[in-house]
Amino acid sequence: MKPPSIAKSYAALLIGAFAVSTSAIFVKWSEAPSAVIAFYRLFFAVVIMTPFFLRHIRELKRISRRDWWFSICSGVLLAFHFILWFESLDYTSVASSVVLVTLQPLFAFAGGALFFRERLTAGALASAVLAIAGSVLISWGDFRVSGEALYGDMLALVACAMVTAYWLFGQEVRQRLSLMTYTYIVYGISAAVLWLYAMLFRLSLAAYQLTDWLCFLALAVIPTLLGHSVMNWAVKWVSASTVSMAILFEPVGASALAYWLLDEPIRLFQWIGGIFILTGIGLYLWEKNKKGPLTIQESSGS
């Protein structure tokens, strides 16, 4: 299959990032437990995808044992990413949680270098330094507000590590599986894990208001199908590191939406930290395009 243009891939990443940025708002609007929100987000996504997946069902017979294991790991990581990140929103602000959970490049650079032999350039390292500086500023601002906020920041960072591993597994498996088959399997596994988690902690899956159900559905359609699925399409053509850098656009949309819809102020530390992180995106993309766009096939040596 002919790779899409780099402009198309970057446009898809940008659309996905803005779609994902709505997630924190819908989570804030729902009063359901974190695991329940995450379960219905993925469960409704799977339900919507099922009629389309049936056209690809024969592909299941061709999936290798390795790809099954990688897909299972990806689904479990995604499930616990959602649990920890949604939980972090109970302790810290949308701006802080979203910015911290999108520090994925720090982990993606390491994973890409270790598993895909991706070279770390000076520009990539500079962007990582800026992202770290932004993370420190965000956390320091919350530390001065309360210890609870710092706890929320730590949950967001762990969630960040998990979703980065999810993208790295996807980078590998998407070379062989179609977007529909891969995402259907991963979302289905994640939904199953979250259901078991809800049963283990005896969380109700039924007693919720209409607003909660609308949020569940919105989470399935916008940040999942229009966000994660679009990015999973792009990860076949660009590295997980590039996907992770693109997701750093998320804090801009999420913080703006929180300001307009939740009356959540953006403190000075968050402004400065966010600027540092977004500047890192510019450095990274400039470095990538200086020598020409680098695809998965090129970076992995295949």
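Up top is the structure.
What you see is a predicted model, and the numbers here were worked out from it, not measured in a lab.

Participant: Is there a simple way to explain the overall build of the protein chain in this structure?
Facilitator: On a plain count of helices and strands, the protein chain comes out with 14 helices and zero strands. Counting from the amino terminus, the protein chain carries its helices and strands in the arrangement α-α-α-α-α-α-α-α-α-α-α-α-α-α. Here the protein chain, with 302 residues, has 53% of them falling under the buried criterion. Considering only contacts within the protein chain whose residues lie at least 6 apart along the sequence, 91% involve residues at least 24 apart. For the protein chain, the exposed area adds up to about 13600 Å²; of that, 70% sits on carbon and sulfur atoms.

Participant: Explanation requested: the packing of helix H3 (residues 34–53) against helix H10 (residues 210–234) in the structure shown.
Facilitator: One way to put it is that H3 packs onto H10 with a least axis distance of 8 Å and a crossing angle of 65°. Relative to H10, H3 is oriented so that their crossing is right-handed. Contact residues: H3 offers Val36, Ile37, Tyr40, Arg41, Leu42, Phe44, Ala45, Ile48 and Met49, while H10 offers Trp213, Phe216, Leu217, Leu219, Ala220, Val221, Pro223, Thr224, Leu225 and His228. When its residues are assigned to classes, the contact of H3 with H10 shows 16 nonpolar, two polar and one charged.

Participant: It is not clear to me how H3 should be interpreted in this structure. Could you clarify?
Facilitator: Think of an α-helix as 3.6 residues a turn; residues three or four steps apart then line up on the same face. Taking 1.5 Å of rise per residue, the 20 residues of H3 would be expected to cover 28 Å, and the 27 Å separating its terminal C-alpha atoms lies within 8% of that figure. At Val47, H3 shows its strongest bend, of approximately 30°, with the proline Pro51 following within four residues. A large share of H3 lies buried, amounting to 14 of its 20 residues.

Participant: Is there a simple way to think about a nonpolar patch on the surface in this case?
Facilitator: On the surface, a cluster of nonpolar side chains totalling about 390 Å² of accessible area is made up of Ile48, Phe52, Leu217, Val221 and Leu226. For the nonpolar patch, the elements supplying multiple residues, two or more each, are H3 and H10. Of the residues forming the nonpolar patch, the biggest block, three residues, is contributed by H10. Within the secondary structure layout, Ile48 lies in helix H3.

Participant: So what exactly am I meant to see when it comes to the packing of helix H9 (residues 179–200) against H10 here?
Facilitator: Packed helix pairs are specified by the crossing angle of their axes together with the interaxial distance, meaning the distance between the axes. One can describe the packing of H9 onto H10 by two numbers: an axis separation of 10 Å at closest approach and a directional angle of 125°. Considered as vectors, H9 and H10 are oriented oblique to each other. Our pair here, H9 against H10, has a crossing hand that is right-handed. Between H9 and H10, the residues in contact are Leu179, Tyr182, Thr183 and Tyr187 and Thr224, Leu225, His228, Ser229, Asn232 and Trp233, respectively. Grouping the constituent residues of the contact of H9 with H10 by class yields five nonpolar, five polar and no charged.

Participant: Help me understand unusual backbone geometry in this model?
Facilitator: For residues that are not glycine, phi is negative in most cases, and the peptide bond is trans in most cases. Residue Arg202 is not a glycine yet carries a positive backbone phi of 55°. By secondary structure assignment, the location of Arg202 is in the loop between H9 and H10.

Participant: Looking at this structure, how should I read the pattern of salt bridges?
Facilitator: Pairs can form between side chains of opposite charge once their charged atoms are near each other. Within this structure, the stated rule accounts for three salt bridges. Notably, a salt bridge pairs Glu172 with Arg66, separated by 3.5 Å at the nearest N-O pair. With Glu172 in helix H8 (residues 147–173) and Arg66 in helix H4 (residues 65–88), the pair connects residues that are 106 residues apart, well separated along the chain. The exposure class assigned to Glu172 is buried, which follows from its relative accessible area of 17%. Each of the salt bridges in this network shares a partner with another, and the network as a whole consists of Arg66, Asp67, Glu172 and Arg176.

Participant: Explain the nonpolar core to me, please; I cannot follow it from the model alone.
Facilitator: Counting residues in each nonpolar core, the largest one holds 63 residues, and the members touching the most others are Leu13, Tyr166, Trp167, Tyr187 and Val243. Mapped by element, the contributors of at least two residues to this core are helix H1 (6–20), helix H2 (23–29), H3, H4, H8, H9, H10 and helix H11 (240–246). Top element by residues in this core is H3. It accounts for twelve residues. For Tyr166, the residues in contact, after removing those within four places along its chain, are Ser74, Leu77, Leu78, Tyr182, Val186, Tyr187, His228 and Asn232. Formed by eight residues, the second largest nonpolar core is a distinct cluster that contains Phe109, Ala124, Ala128 and Ile277.

Calculation rules
- Residues numbered from 1 in each chain as written.
- Predicted model: local features only at pLDDT ≥ 70, side-chain atom pairs only at ≥ 80, totals over all residues.
- Heavy atoms only, no water.
- Helix = DSSP H or I, 4+ residues; strand = E, 2+ residues; numbered from the N terminus.
- Buried < 20%, exposed > 50% of the residue type's maximum accessible area, 1.4 Å probe, protein only.
- Contact = heavy atoms within 4.5 Å.
- Areas by Shrake-Rupley, 256 points an atom, 1.4 Å probe, with all protein chains shown as cover.
- Axes fitted to C-alpha atoms, helices over the stretch in contact; angles between N-to-C directions.
- Left-handed = near helix turned anticlockwise from the far one by under 90°.
- Nonpolar A, V, L, I, M, F, W, Y, C, P; charged D, E, K, R; others polar.
- Expected span 1.5 Å × (residues − 1).
- Bend = angle between axes of the 7 residues up to and from the residue.
- Patch = residues over 30% accessible without salt bridge, like charges linked within 9 Å, V, L, I, M, F, W, Y side chains within 5 Å.
- Salt bridge = Lys/Arg side-chain N within 4 Å of Asp/Glu carboxyl O.
- Parallel < 35°, antiparallel > 145°, perpendicular 65-115°, else oblique.
- Core = buried A, V, L, I, M, F, W, Y, C linked by side-chain atoms within 4.5 Å.

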